Amino acid sequence: MNERIVKLPFFENLLNLAVLALLGLLCAFPIVHTLALSFSSASAAASGRVAIWPVEFTTQAYQFVLENPAFIKSFGISIARVLVGAPLNMLLTILVAYPLSRSKAEFRARDFFAWFFLLTVLFSGGLIPWYMVIRQTGLIDKFWALIIPGALPVFNVILLANSFRSIPKELEEAAAMDGAGHWTILFRVLLPLSWPILATLTLFVTVAHWNSWFDGLILMNSPDKYPLQSYLQTVVINPDPRMLTERDLALLQLISNRTTRAAQIFIAMVPILLVYPFLQRYFTAGVKLGAIKG
Amino acid sequence: MNPLTGKVYVNRFIAVLLLTMLLLSCARPPSPTPPPGASTDDAFAKLSLVVPDRYDPPIEMSSVMAVDATIKFLGENDIHNNVWTRAYEQLLGIKVSYKWVVDGSMYAQKLGLSVNSGDIPDMFRVSPAQLHLFQEAGLLADLTDVYEAVASPKTRDVLMQDPTSLKAGTIAGRLWGIPLTDAAVASASLLWIRQDWMDKLGIAAPTSMADVLEISRRFITEDPDGNNAPDTIGLCVTKSVWSAFANLSGFFNGYHAYPGIWYERNGALVYGSVQPEMRDALLALQEMYAQGQLDREFGVKDSNQVAETIAQGKCGMEFGVWWNPYHPLNQSQANYPHAFWSAFPIPSVDDVPAKSQYSSAVGAFLVVRNGYEHPEALLRMVNFWSDNILGSQDDELRQTFLGDIENPDVVLYKYTPVVLWEPNAMIDGSKKLREALAKKDPSGLDLDTQWRYRIIQAYFEQGTLEAWVEVATNGPNGAVTILEQVLKDRGQLNRFYGVPTVTMAEKMPTLQPMEEEVITKIIMGEPIAMFDQFVENWYRLGGTEIVNEVNLWAEQNP
């Protein structure tokens, strides 16, 4: 590869920076706006006077949210879901990716199993069969319904298997020479060399678990079992005012006025924002660089 | 906290308090009563309830529930054990159990999944489309005979007040669903105007659409909010003809055009959006837009954003339903404490009085699973509701079953799917209230109406600013008096209340956005010839079939 650093002329460089900065601002603005809304007074928010700075600063919305048992409870369910679901996702991904990354000589039915898993990515049974399977297996209304149906993210398996394959064979052969079996090769050779991809996949599954709301709404039989995003979906989606009667309006205003909604959204963002910095440094790291010479 | 913030906060607090107390339609006397959580046989025994029959031994009934984020429970209560489940079990001998409880936004989908996977509750709520779908699939019980045998006189009265509602639950001459009724006329639009602006500029009540245009012009040119900036909007609209506030249909009604509904013309049903009367109204709106009397960006604003404009105190007029003062018009007080609105009948463009369009309020039905042993149990539950709750003057009964004023956010009737409202109740209650105001004598009113009475008195005697909300709706010359006119001879009822016909289901999803787009574009300055083109396209792209189907339907449902 040609390792020439292209030096852009000053003007083009500036243009690049400006465009990238603008895109960055576009991404940051909704978050800043939400934060500003959550600290503004309800009337300022309702009359649209809040942009990126709180108007008539107040922490009322946060007090209201943090005293709301439904919010706290669903927050706990989401935390549990990530703590149980993400490690399980990773464990199964690793255990499936390893055999699929072997050569056909080592694992003769590899292609069959590869297609077996891949098929579920290409074709989905549809909503009703999905629901029926979960119902027949007795998972409806159970916490595990949020974990088990998606426990094996096949797309992640493909990524990890490919990553395993790209690790030089020589390392495994050297380990095998020293008497390592499959388990040792997987856990002591391959995994330590795969930190970047593992970190990335962990982030994927964590975010996926944290953000999914649809399965909670459909699979749980009562709102007190909703994970956080399902709960948020019920309060954040603007009701169609034509469907509401005047009886509902006032109550709805109390619970889902814009400032409390913003506060809830922001609190829900925090855990995932905290995860990023810890995993990010692995994204760019080339861990296996230098393990092989020549 | 600066003084303004404090004031705003107090205003909001009072407004919220007013609203919640008002909307719960219930009141509690100051004497201490046991909390609703303690309801037992004794609690029911104290009440004088009409309970004709009781299953002995009790029967089981499975159902499902839609709730929203505002539902709350006191003490040990939850959705499976509350005043309503206890009443059904102890008084009617019906043990109701909910297979699942889901947020209202997902109800239709979850019900579809549940029913499709063979898990059908004994009694449940369906949308009009689901009623037809499930009935065709043979999943529903025929309720015709049990209705005839079991429905109480009061139940029949409630279901008959709006004659279309029972018909909507009838397919091929048999009754399959009990309609969840509400007042149809509540969807009729009125003209709401910032009264404080009118007073300031010395404007009289509008008597014609020409007056409306003139008021709109003066609202943007004469700086009604007194901030020396041309930042006001004459008429607030969204691009939707349907919205509950800031809709376009009210304006069109002033020109005898009725977009989006079906009405009789020369002996046949026609679709309002493609009638020639739309032209003049569109031209008038176009002129208003050109002169800056409408929001420049109305085409991209939804009703929540218009509510923001109203809260900013920039709106002068809007067409909307009777309860608009509760939301969003009350918000204009957030920044202008002296802001208040008045309702006016929709004026006419000519000598013929204008009619407000409105549609049936039945959006859902209660049905029973085909094969359930006790289809009449549903009717008994409906009877229990209509005989005891509707029109009840017994405050203790109301607070037991509906909610009490000490916990205004705990709405007890949200715990049961069997909730019907009396179409005429709002109008009747308001009439009694006005009679009492005229006599200055609140005796004989139920506590809730007495409470409204005191609010209106506070407005006239002490000048309580927030009370205008109640005055503008239920007061003398309030919005409800206009609804009475609408019911009498100033209304245009949507004659089509069936489920979408075949072609309608197929074509309306494309025709409706087209209609909205054409209306928006013409208002924003496209030549009016575009409307003629639209009418032609509408008929060509399926409209002709839809008109035929609707008229065929009308013959079968006179």
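Since we're looking at a predicted model, the values are computed, not measured.

Novice: Can you tell me about the overall build of chain B, naming the residues and giving the values?
Specialist: For chain B, the count of helices and strands is 21 helices and 15 strands. Over its C-alpha atoms chain B spans a radius of gyration of 25 Å, differing by no more than 12% from the 24 Å that the globule rule assigns to 558 residues. Dimensions along the principal axes, computed over C-alpha positions, put chain B at roughly 75 × 60 × 45 Å. Burial statistics for chain B: of 558 residues in total, 49% are counted as buried. Looking at chain B alone, contacts between residues at least 24 apart form 77% of all its contacts between residues at least 6 apart.

Novice: Lay out the overall build of chain A in plain terms, naming residues and giving numbers.
Specialist: Summing up its helical and strand segments, chain A has 14 helices and zero strands in all. Ordered by position from the N terminus, the helices and strands of chain A form the series α-α-α-α-α-α-α-α-α-α-α-α-α-α. Looking at chain A as a whole, 29% of its 294 residues qualify as buried. The long-range fraction of contacts in chain A, counting pairs at least 24 apart against all pairs at least 6 apart in sequence, stands at 70%.

Novice: Now, about the packing of helix α4 (residues 69-100) of chain A against helix α10 (residues 195-211) of chain A: what can you tell me, with residues and values included?
Specialist: Residue and element names in this part refer to chain A. Running from amino to carboxyl end, α4 crosses α10 at an angle of 140°, the nearest separation of the two axes being 9 Å. Compared by their axis directions, α4 and α10 come out oblique. The way α4 lies across α10 gives a crossing that is right-handed. Residues S78, R81, V82, G85, A86, N89, M90 and T93 of α4 lie in contact with α10, whose contacting residues are L201, T202, V205, T206, H209 and W210. Taken together, the residues that form the contact of α4 with α10 break down as six nonpolar, seven polar and one charged.

Novice: Would you mind going over the environment of A:A28 in detail, with residue names and values included?
Specialist: All names here are of chain A. Within the fold, A28 resides in helix α1 (residues 10-38). In this structure A28 comes out as exposed when scored by C-beta crowding, with 11 C-beta atoms within 10 Å. For the pair A28 and R261, spaced 233 residues apart in the sequence, the C-alpha separation amounts to 18 Å.

Novice: Tell me about the confidence of the model for chain B, residues and numbers included.
Specialist: All names here are of chain B. Residues of chain B with pLDDT of at least 70 account for 92%, and the chain-wide mean is 86. Between residues 1-39, whose pLDDT stays under 50, and residues either more than four places distant or in other chains, the model counts 71 contacts. The ipTM for the predicted assembly is 0.75, set against a pTM of 0.78.

Novice: Lay out the packing of helix α7 (residues 154-165) of chain A against α10(A) with the relevant residues and their values.
Specialist: All names here are of chain A. Close contact between α7 and α10 brings their axes to 11 Å; oriented N to C, the two are set at 175°. Taken as axis vectors, α7 and α10 run roughly antiparallel relative to one another. Facing α7, whose interface residues are N156, L159, L160 and S163, α10 presents I197, L201, F204 and V205. Split into classes, the residues belonging to the contact of α7 with α10 amount to six nonpolar, two polar and no charged.

Novice: Can you break down helix α4 (residues 107-116) of chain B residue by residue, with the values?
Specialist: Spacing of three or four residues puts side chains on the same side of an α-helix, whose turn is 3.6 residues. All buried positions along α4(B) are accounted for by B:Y107, B:K110, B:L111, B:L113, B:S114 and B:V115. Where α4(B) is buried, its residues meet α6 (127-136) and α11 (214-219) of chain A together with β1 (59-67), β2 (94-103), β3 (123-126) and α5 (128-136) of chain B. Phi turns positive, to about 85°, at B:G118, one or two residues after α4(B).

Novice: Which residues make up the domain arrangement of chain A, and what values do they have?
Specialist: Residues and elements named next belong to chain A. Partitioning chain A into structural domains gives domain 1 (1-58) and domain 2 (61-284). The partner domain 2 presents nine residues to the eight residues of domain 1 that form the contact. When residues of the side of domain 1 that touches domain 2 are traced back to their parent elements, those giving at least two are α1 and α2 (42-46). Ranked by the residues each element gives to the side of domain 1 that touches domain 2, the list is headed by α1, at four residues. Counted by class, the side of domain 1 that touches domain 2 contains five nonpolar, three polar and no charged residues.

Novice: Lay out the pairing of strand β7 (residues 190-194) of chain B in plain terms, naming residues and giving numbers.
Specialist: All names here are of chain B. β7 sits mainly inside the fold: five of its five residues count as buried. Both faces of β7 are covered, namely the face carrying L190, W192 and R194 and the face carrying L191 and I193. With four bridges connecting them, β7 and strand β11 (residues 315-320) associate as antiparallel partners. Bridge pairing in β11 places L190 opposite G320. Note: β7 against strand β12 (residues 341-344), four bridges, orientation antiparallel. If you follow W192 over to β12, its bridge partner there is A343.

Novice: Can you tell me about the nonpolar core, naming the residues and giving the values?
Specialist: Grouped together as the largest cluster of nonpolar side chains are 186 residues, with contacts concentrated most on B:C236, B:A281, B:V367, B:L378 and B:M381. Setting aside chain neighbours within four positions, we find B:C236 in contact with B:A246, B:D295, B:V306, B:T309, B:I310, B:C315, B:M317 and B:E318. Counting 17 residues, the second-largest nonpolar core is a separate cluster that includes A:I94, A:V157, A:L186 and A:L190.

Novice: Describe the confidence of the model for chain A, and please don't skip the residues or the numbers.
Specialist: Scored by pLDDT, chain A has a mean of 83; 86% of the residues are at 70 or more. Per-element mean pLDDT across chain A ranges from 52 in helix α13 (residues 246-256) of chain A up to 93 in α4(A).

Novice: Please provide a residue-by-residue account of the sheet that holds β11(B), values included.
Specialist: Residue and element names in this part refer to chain B. The mixed open sheet is built from four strands, whose spatial order is β8-β11-β7-β12. Unpaired on one side and paired on the other, β8 (233-236) and β12 mark the two borders of the sheet. The mean angle between the axes of side-by-side strands here comes to 20°, regardless of whether they run parallel or antiparallel. Helix α13 (residues 303-311) contacts β8 and β11 of the sheet and is inclined by roughly 145° relative to β8.

Calculation rules
- Residues numbered from 1 in each chain as written.
- Chains lettered and ligands numbered in written order.
- Predicted model: local features only at pLDDT ≥ 70, side-chain atom pairs only at ≥ 80, totals over all residues.
- Helix = DSSP H or I, 4+ residues; strand = E, 2+ residues; numbered from the N terminus.
- Rg over C-alpha atoms; globule rule 2.2 N^0.38 Å.
- Buried ≥ 20, exposed ≤ 12 C-beta atoms within 10 Å, placed from the backbone.
- Contact = placed C-beta atoms within 7 Å.
- Axes fitted to C-alpha atoms, helices over the stretch in contact; angles between N-to-C directions.
- Parallel < 35°, antiparallel > 145°, perpendicular 65-115°, else oblique.
- Left-handed = near helix turned anticlockwise from the far one by under 90°.
- Nonpolar A, V, L, I, M, F, W, Y, C, P; charged D, E, K, R; others polar.
- pLDDT = per-residue confidence, 0-100.
- Domains from an automatic or database assignment.
- Pairing = 2+ DSSP bridges.
- Core = buried A, V, L, I, M, F, W, Y, C linked by C-beta atoms within 7 Å.

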